[in-house]
Amino acid sequence: MFSKACEYGIRATLHIALLSMDGVRVSLKDISRDIDSPVAFTAKILQQLARNNIIDSVKGPVGGFEIQKDKIASIKLSQIVFAIDGDSIYRGCGLGLKECNALEPCPLHEKFVLIRNDLKEMLETTSLYELTKGLDVGLTFLKR
């Protein structure tokens, strides 16, 4: 459903949020290692997230990435997805056809519209803070 960049973007943002809750700024190399993603690819993703004001990038010898604690609860997954993949996830065809709509539907159209709507609802109502709670206590993981 998500592009590889979006998957890494969500994982990286969650990792940064978890550490930011403890006041820790994290480096690109540490993020890449901790979410098991290529450094150069992760750097591009983090640039997109910073440009969209989801994460903060601090330059210098003690620089790195962070999220202001008071923002963590208000950032929704939909913001991360939009920053990286745009809104195509809400418009795409379940079978990957270039054009698919109610007038000329693919065989999956009616069922897939319901799934897309549920996904949109989940992404728009799920905050970083909500997801970091499981990470913080070891119930969920960003790397296997």
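Please refer to the structure placed before this passage.
Residues numbered from 1 in each chain as written. Predicted model: local features only at pLDDT ≥ 70, side-chain atom pairs only at ≥ 80, totals over all residues. Heavy atoms only, no water.

Within the protein one finds seven helices and two strands. The order of α-helices and β-strands along the protein, N terminus first, is α-α-α-β-β-α-α-α-α. Projecting the C-alpha coordinates of the protein onto the three principal axes gives extents of approximately 55 × 30 × 30 Å. In the protein, which comprises 144 residues, the proportion classed as buried is 38%. Put simply, of all contacts in the protein between residues at least 6 apart along the chain, 67% involve residues at least 24 apart. In the structure as shown, the protein presents an accessible area of about 8600 Å², 55% of it carried by carbon and sulfur atoms. Across the protein, the centroid of the 19 positively charged side chains sits 5 Å from that of the 18 negatively charged ones. (Helix = DSSP H or I, 4+ residues; strand = E, 2+ residues; numbered from the N terminus. Buried < 20%, exposed > 50% of the residue type's maximum accessible area, 1.4 Å probe, protein only. Contact = heavy atoms within 4.5 Å. Areas by Shrake-Rupley, 256 points an atom, 1.4 Å probe, with all protein chains shown as cover. Lys, Arg positive; Asp, Glu negative; His and termini not counted. Charge placed at Lys NZ, Arg CZ, Asp CG, Glu CD.)

That is the geometry; function is a separate question.
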